[in-house]
Amino acid sequence: MTPKIILLVEDNPSDIGLTQRALAKSHITNQLVVAEDGQEALDYLFGAGQYAGRDVSELPALILLDLKLPRVDGLEVLRQVRADPRTHRLPIVILTTSSEEQDMAQSYDLGANSYIRKPVDFTQFANAVEHLGLYWLVMNEQPPS
Amino acid sequence: MKSESNIRILSFLRSSVNAASMVVSGVGLVVLLGWVLNISILKSMIPNAATMKFNVALCFVLAGVSLWLLQHEASQPGKKRMGQILAGLVVIIGLLTLSEYLFNWKLSVDQLFVRDAATAPNAFPGRMSYITAICFIFSGFALVLIDTRSSQYFSAGVILLSLLSAVGYLFDYQLLYQLGGYNTPTWHTALTFFILALALFIARQSHGMIKMMMSDLIGSRTVRLLLPVTIFLIILLGWLVQQGERFGFFNSYNESAILVVLLIFIYSPLIYFYANRINQAEAKVIRLSRLYATLSQVNQTIVRSRNRDELYQTICDVVVQFGGFSLAWVGLLDEQTGDVKPVTANGLDITQWPFAAINIQQEDLKDELIATAIRTSKVVTSDNIQTDKRIQNLYDQFQKYAYRSLAAIPFRLNGKTIGVVSLVAAEAGLFKDTEEINLLKEMGLDISFAHDSMEAERAKVYMSAIVESSNDAIIAKDLNGIVTSWNPAAQNIFGYKADEMLGQPVLRLIPPKRVREEQYILNQIKQDQPVRHYETVRVRKDGTLIDVSLTISPIRNANGNIIGASKIVHDITERKQAEAEIQKLNSDLEQRVIERTTQLAAANQELEAFSYSVSHDLRAPLRGIDGWSLALLEDYGAQLDEQAHQYLDRVRSETQRMGNLIDDLLQLSRITRADMNKVQVDLSALTQAIVARLQESEPQRQIEYTVQGDLSAWGDARLLEVVLTNLLSNACKFTSKIPQARIEFGQTELDGQRAFFVRDNGAGFDMAFAKKLFSPFQRMHKASEFPGTGVGLATVQRIVHRHGGRVWAESALNAGATFYFTLEANK
């Protein structure tokens with residue numbers, strides 16, 4: 001069984017790099033697909049745009065979703081993913097810098113599985129990513145497709 | 001006007017006439033019965049006396065019935081006609097009988113109905129005497145002509161003839177009743193004629209001699225009394241003298257002398273008595289005329305006088321000049337002292353007299369004449385003040401003059417007695433009778449009326465001055481809405497002159513759209529409902545509209561009926577303009593508030609967007625800096641020397657600090673914006689919970705916490721927790737270098753206000769910088785000593801301010817600090 005894909009939706013290259021570094025340090029070898037805005041993430045999931053023709057039945061094991069994104073924002077991505085029967089059970093972890101209560105509440109209301117605030121301290125960040133991968137990819141049973 | 005006694009006499013006369021008619025026809029009927037049944041006693045009434053002839057009795061029945069039918073002047077014409085026919089029959093029978101005597105005819109009227117066997121054949125049996133016949137002719141005419149003046153002359157003739165016969169019988173002197181030597185009227189015929197004629201004489205009281213005798217004047221009264229007395233007396237005296245002669249007391253020679261003496265003796269006092277009565281009556285007439293003249297003059301004075309002083313002076317003058325009084329004076333009551341002071345006099349200047357002499361309040365003067373008049377408000381008179389005890393203090397003054405009669409006439413103003421007019425005359429007993437007293441009362445009423453009308457006139461002048469000078473239009477209208485009064489202010493407000501509006505419909509002032517208002521107002525007025533401060537619009541002569549406030553009240557006439565309305569029109573144009581101005585300012589203000597609120601909401605939104613950016617975007621680079629610094633350390637650590645390692649650590653710690661700063665700032669802004677949900681918060685319990693958390697986070701510290709129990713406040717629980725957490729963790733931080741740390745939470749009373757406090761015995765601060773304490777990013781200590789961002793106390797202050805309270809601190813360096821806060825606005 002090929003290791004499952006992790007879809008990282010993040011527009012900040014620095015954060016992308018740090019996330020990749022944290023995953024690598026935690027020995028999480030899953031393929032990381034990066035979408036740099038909301039639209040790209042949706043295209044990837046539903047086989048549209050630059051991902052037209054992709055086999056959409058191949059779903060990521062986990063989506064790490066930032067909220068503040070160009071074009072389509074994270075909450076909209078979350079809403080559409082949860083609205084589509086093909087993707088509505090996908091585990092989605094909100095990984096964001098925002099600590100606004102409003103964002104947190106809306107995310108959970110729209111069906112986010114988890115909400116992680118990215119700490120400034122990289123060590124803590126790396127710890128969080130490691131725990132994330134461990135929990136969602138190893139310990140957590142995947143939802144039936 | 002007929003007096004009461006007169007009416008009594010009249011009704012007596014009427015019933016007498018009625019009774020007489022029955023007596024006359026009754027006598028006739030009885031005698032007729034005697035003839036028909038041949039009972040002699042019934043024919044003659046007295047045994048063996050001459051009989052009343054059948055025809056005589058028949059005529060009496062006819063005449064009696066006729067009188068009964070004619071007794072009332074206002075009887076039905078049929079009834080009267082019948083009476084006159086019966087009377088006509090009587091005349092015919094009389095005339096036939098008389099013509100038998102005169103022309104020696106034999107008309108056999110005498111024995112037509114019955115045969116008279118008792119009378120001597122030579123004396124025409126059954127025939128009535130010719131005197132009787134004349135009497136019947138006269139009586140018949142008197143009856144037929146009863147409604148004319150001549151009736152009484154006929155009846156007077158019958159009275160004379162019947163009296164002649166009656167007196168003849170009385171005096172037993174046949175010459176009188178056997179006049180002419182033929183058949184004589186019997187005594188009862190004579191008496192019946194007398195009754196019949198007397199009844200006829202008095203049957204119509206409204207004309208002829210009886211009218212004169214019936215009047216209320218002194219002459220008629222004298223006739224009424226003197227005539228019967230004279231007739232009765234003369235007959236009585238004549239009869240007595242004749243009887244005296246018959247019994248031999250005196251003979252025919254001295255008989256006349258005795259009669260003359262008796263007549264003089266009796267008539268002299270009688271005439272004196274009546275003459276005296278006539279004198280008294282005339283004197284009274286003169287007295288009353290004098291009073292009438294005085295009253296009439298006083299009334300003219302009342303009409304002419306313009307003020308009270310003039311009125312009083314003229315009254316005194318006319319009373320003396322026209323009324324023939326010796327002295328007249330007017331006294332006015334001083335309500336405070338009760339003194340009655342003379343203000344004007346004529347005849348004698350008594351205004352100089354010591355007039356504490358009359359006082360209505362002093363007990364010892366309460367029977368005094370004039371005081372009594374004022375106190376009782378009734379006319380008081382004295383027949384002779386020279387002997388009248390009631391004159392009291394004035395006695396000495398009056399004694400010097402020949403004053404006798406006095407009348408004190410009180411007068412009033414609006415129902416209240418304010419003074420007295422005194423009339424004094426030289427004659428005694430001038431004001432004896434009710435007529436005189438009534439005239440004096442009338443004078444008092446007239447003078448009172450003069451006072452009232454002067455007062456009313458004054459009030460009217462006063463009122464009209466008010467109306468004239470009013471700034472508000474004062475308009476009167478009748479119930480048809482026609483203007484009846486128009487003051488100068490009305491001209492100013494509406495532009496119409498008085499002569500343009502008087503008699504015109506008030507509708508001219510009402511804009512066409514509001515015409516229905518007038519009907520409403522008139523209906524209200526008709527139902528006696530005043531209209532007050534009714535704000536509406538009226539139109540001026542030039543067509544411009546004006547805002548007015550109307551107050552409308554009913555006008556009543558003397559009977560209390562509503563006859564119109566008075567309308568006060570207040571021009572409120574200026575006020576309306578001011579109101580409009582205020583309204584405009586208000587709506588401007590509202591608009592500005594709305595704009596400001598919108599701006600504020602926009603600013604808030606911006607701030608929110610800004611905070612969001614800060615929380616999201618400012619943190620991301622920090623994480624990058626930290627992450628990549630660490631990557632550098634991890635991946636290239638071996639190639640870097642000790643110094644480079646230190647630099648990179650410094651980069652990472654600064655990044656950390658910046659992150660904290662951003663977090664604190666976000667909390668501060670969030671607190672400013674958060675909705676408040678105020679409840680009763682148990683501050684003691686909240687403090688205990690925070691203390692427990694602090695102890696947990698730094699278990700190595702030995703701190704003595706003191707928390708006062710049962711403290712609560714009205715506020716937002718979440719925000720108050722932030723306040724207490726900040727203050728307590730500060731206390732914790734600044735006591736970190738003290739071995740025996742003490743931290744206390746409690747409540748105290750400062751300037752009458754409840755204040756909570758958190759006190760520690762830590763580092764404290766210099767009070768010189770106390771003001772900066774609550775500004776964001778202001779710190780009192782070096783970061784190396786006590787780390788912090790300087791936002792905590794700014795947050796505390798903001799929360800306390802949002803609760804309407806204030807926060808302050810007291811401290812000294814190294815002597816601990818106390819932070820106070822209140823949660824309600826200062827009272």
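For every chain, the first residue of its written sequence is number 1, and the numbers climb from 1 along that sequence. In the order they appear in the text, chains get letters beginning with A and ligands get numbers beginning with 1. Confidence filtering applies because this is a predicted model: local features only for residues at pLDDT of at least 70, side-chain atom pairs given and counted only at 80 or more, and all residues used for totals across whole chains, interfaces and linings. Only heavy atoms go into the side-chain values, all of them from the structure, while hydrogens and water stay out.

Peer 1: Quick question: what am I supposed to make of the overall build of chain B here?
Peer 2: Numbering of helices and strands runs from the N terminus, with a helix taken as a DSSP run of H or I at least four residues long and a strand as a DSSP run of E at least two residues long. Looking only at helices and strands, chain B has 23 helices and 17 strands in total. Relative accessible area decides the class of each residue, using a 1.4 Å probe on protein chains only: under 20% of the type maximum gives buried, over 50% gives exposed, and in between gives partly exposed. For chain B, buried positions account for 43% of its 827 residues. For chain B, the proportion of contacts with a sequence separation of at least 24, taken over those separated by at least 6, is 59%. For chain B, the accessible surface area stands at approximately 44,800 Å², while carbon and sulfur atoms represent 58% of it. In what follows, residue pairs with any heavy atoms lying within 4.5 Å of each other are defined as contacts. Note on areas: Shrake-Rupley with a 1.4 Å probe; residue coverage comes only from the protein chains shown.

Peer 1: Would you take a moment to explain the overall build of chain A for this structure?
Peer 2: If you tally the helices and strands in chain A, you get five helices and five strands. For chain A, the N- to C-terminal ordering of α and β elements is β-α-β-α-β-α-β-α-β-α. Across the 145 residues that make up chain A, the buried fraction comes to 54%. For chain A, the share of sequence-separated contacts (at least 6 apart) that also reach a separation of at least 24 residues comes to 63%.

Peer 1: Looking at this structure, I do not really get the packing of helix α21 (residues 683–697) of chain B against helix α22 (residues 717–734) of chain B. What am I missing?
Peer 2: Think of two packed helices as two axes; the pair is described by the angle between the axes and how far apart they sit. Residues and elements named next belong to chain B. Where α21 contacts α22, the two axes come as close as 10 Å, and the packing angle between them is 50 degrees. By the criterion of interaxial angle, the relationship of α21 to α22 is oblique. In the packing of α21 onto α22, the handedness of the crossing is right-handed. Residues Leu683, Leu686, Thr687, Ile690, Val691, Arg693 and Leu694 of α21 touch α22, and the partners they reach there are Ala717, Leu720, Glu721, Leu724, Thr725, Leu728, Ser729 and Cys732. Between N-to-C directions, angles span 0 to 180 degrees; the directions come from axes that are lines fitted to C-alpha atoms, helices contributing only their stretch in contact. When an angle is under 35 degrees it counts as roughly parallel; over 145 it counts as roughly antiparallel; between 65 and 115 it counts as roughly perpendicular; any other value is oblique. A crossing counts as left-handed when the near helix is turned anticlockwise from the far one by less than a right angle, and as right-handed when that turn is clockwise.

Peer 1: Can you walk me through the interface of chain B and chain A in this structure?
Peer 2: Interfaces are often sized by the amount of accessible area the parts lose when they come together. Every contact between the two is made by 25 residues of chain B and, on the other side, 26 residues of chain A. Values labelled buried area give the accessible surface lost by two parts on being combined, using a 1.4 Å probe and summing over both. Between chain B and chain A lies a buried interface of about 2,200 Å² when both sides are counted; carbon and sulfur atoms form 45% of it. Here a salt bridge means any side-chain nitrogen of Lys or Arg lying within 4 Å of a carboxyl oxygen belonging to Asp or Glu. For the pair chain B and chain A, the number of links is five salt bridges. Note that aspartate 15 of chain A and arginine 623 of chain B form a salt bridge whose closest N and O atoms lie 2.6 Å from each other. Those elements that provide at least two residues to the side of chain B that touches chain A are α19 (573–636) and α20 (642–673) of chain B. Considering each element in turn, the side of chain B that touches chain A owes the most residues, 17 residues, to α19 of chain B. We call Asp, Glu, Lys and Arg charged. Ala, Val, Leu, Ile, Met, Phe, Trp, Tyr, Cys and Pro are nonpolar, and the rest, Gly among them, are polar. Of the residues belonging to the side of chain B that touches chain A, the class tally is seven nonpolar, seven polar and 11 charged.

Peer 1: Hey, could you run me through the pairing of strand β15 (residues 753–760) of chain B in this one?
Peer 2: All names here are of chain B. For β15, a buried count of six out of eight residues is recorded, marking the element as mostly surrounded by other parts of the structure. Following DSSP output, two strands are said to pair if at least two bridges run between them. Across eight bridges, strand β14 (residues 741–750) lies against β15 in antiparallel orientation. Within β15, the position partnered with phenylalanine 745 by the bridge is valine 758. The turn joining β14 and β15, which pair antiparallel and follow one another in sequence, is formed by two residues; a positive phi near 50 degrees is taken by aspartate 751. In the sheet, β15 pairs with strand β17 (residues 817–821) via five bridges, with the strands oriented antiparallel. From the neighbouring strand, phenylalanine 757 faces β17, where its bridge partner is tyrosine 820.

Peer 1: I keep staring at the side chain of glutamate 40 of chain A and nothing clicks. Help me out?
Peer 2: Residue and element names in this part refer to chain A. Residue position: glutamate 40 is located in helix α2 (residues 38–46). Asp and Glu count as negative and Lys and Arg as positive, but His and the ends of the chain are not part of the count. Here glutamate 40 sits buried without a salt bridge, and the closest side chain of opposite charge, arginine 71, lies 5.6 Å off (N-O distance). Excluding its chain neighbours within four sequence positions, the residues that come into contact with glutamate 40 are Val34, Ala35, Gln50, Tyr51 and Arg71.

Peer 1: Just to check I follow, could you spell out the packing of aromatic side chains for this structure?
Peer 2: Each aromatic ring pair is characterised by the separation of its centres together with the angle its planes make. Within 6.5 Å between ring centres, the rings of Phe, Tyr and Trp (the latter by its six-membered ring) count as paired, and their orientation is classed by plane angle as stacked under 30 degrees, edge-to-face over 60, tilted in between. Evaluation of the coordinates by the stated rule reveals 21 aromatic pairs over all chains. Between tryptophan 808 of chain B and tyrosine 820 of chain B, the aromatic rings sit 5.2 Å apart at their centres with planes inclined by 20 degrees, giving stacked as the arrangement. Taken together, the positions of tryptophan 808 of chain B in strand β16 (residues 807–811) and tyrosine 820 of chain B in strand β17 put the pair 12 residues apart, joining distant regions of the chain. Considered together, tryptophan 808 of chain B and tyrosine 820 of chain B belong to a single accessibility category, that of buried residues. Through successive ring pairs, a cluster of aromatic residues spans Phe60, Phe136 and Phe193 of chain B. Whether a charge lies above a ring is judged from NZ of Lys or CZ of Arg, which has to be within 6 Å of the ring centre and within 35 degrees of the ring normal. A cation sits over an aromatic face here: arginine 54 of chain A above tyrosine 44 of chain A, 3.6 Å from the ring centre. The ring of phenylalanine 125 of chain A carries arginine 623 of chain B above its face, with NZ or CZ at 5.8 Å from the centroid.

Peer 1: Teacher, can you tell me more about the pattern of salt bridges here?
Peer 2: Think of it this way: side chains of opposite charge can pair up when their charged atoms draw near. All names here are of chain B. One pass over the full model with this rule turns up 36 salt bridges over all chains. A salt bridge links arginine 693 to glutamate 721; the nearest nitrogen and oxygen atoms lie 2.9 Å apart. One end of the pair, arginine 693, is in helix α21; the other, glutamate 721, is in helix α22, and 28 residues separate them in sequence. Salt-bridge contacts for glutamate 744 lead to arginine 759; the nearest nitrogen and oxygen are separated by 3.6 Å. Here glutamate 744, found in strand β14, pairs with arginine 759, found in strand β15; they are 15 residues apart in sequence, far enough to count as distant. A single network of salt bridges, built from pairs that share partners, joins Lys284, Arg287, Asp433, Glu435 and Glu436.

Peer 1: Quick question: what am I supposed to make of unusual backbone geometry here?
Peer 2: Across the chain, the bulk of peptide bonds are trans and the bulk of non-glycine residues have phi less than zero. Residues and elements named next belong to chain B. For serine 377, which is not glycine, the phi dihedral falls at a positive 60 degrees. Counting through the fold element by element, serine 377 comes out in the loop between α13 (369–376) and β3 (380–382). A relative accessible area of 19% means that serine 377 is categorised as buried. If you check the backbone angles, histidine 533 has positive phi at about 45 degrees while not being a glycine. Following the sequence through the fold, histidine 533 ends up in strand β8 (residues 531–539).

Peer 1: I'm lost on the sheet that holds strand β9 (residues 545–556) of chain B in this one. Help?
Peer 2: Backbone-to-backbone hydrogen bonds pair the strands of a sheet. The strands run either parallel or antiparallel. Residue and element names in this part refer to chain B. With antiparallel pairing, the five strands of this open sheet are ordered in space as β7-β6-β10-β9-β8. In this open sheet, the two strands that pair with only one neighbour each are β7 (483–486) and β8. For this sheet, the mean inter-axis angle between neighbouring strands, taken without regard to orientation, is 30 degrees. Pairing of β8 with β9 involves seven bridges; the strand directions are antiparallel. Among the inter-strand pairings, threonine 536 is bridged to a residue of β9, identified as valine 548.

Peer 1: Quick question: what am I supposed to make of helix α10 (residues 218–246) of chain B here?
Peer 2: Since the α-helix advances by 3.6 residues per turn, residues separated by three or four positions end up pointing in the same direction. Residues and elements named next belong to chain B. Expected span, for any helix, means 1.5 Å times one less than how many residues it has. Between its terminal C-alpha atoms α10 stretches 41 Å, which fits the 42 Å expected from 29 residues at 1.5 Å a residue. Listed as buried for α10 are Ser220, Thr222, Thr230, Leu233, Leu237, Gly238, Val241, Gln242, Gln243 and Gly244. Glycine 248, located one to two residues past α10, shows a positive phi value of around 85 degrees.

Peer 1: Hey, could you run me through the nonpolar core in this one?
Peer 2: Nonpolar side chains in soluble globular proteins tend to end up buried together. Residues and elements named next belong to chain B. Formed by 50 residues in total, the largest nonpolar core has its most connected members in Leu67 and Phe136. Among the secondary structure elements, those contributing two or more residues to this core are α1 (4–37), α3 (54–70), α4 (77–103), α5 (130–144), α6 (150–171), α8 (187–203) and α9 (208–214). Top contributing element to this core by residue count: α3, with 11 residues. Apart from residues no more than four positions distant in its own chain, leucine 67 is found in contact with Val17, Ser21, Leu143, Ile146, Leu196, Ala199 and Leu200. The term nonpolar core refers to a set of buried residues drawn from Ala, Val, Leu, Ile, Met, Phe, Trp, Tyr and Cys, joined through side-chain atoms within 4.5 Å. Counting residues in each nonpolar core, the second largest holds 39 residues, with Val681, Leu683, Val691 and Tyr705 among its members.

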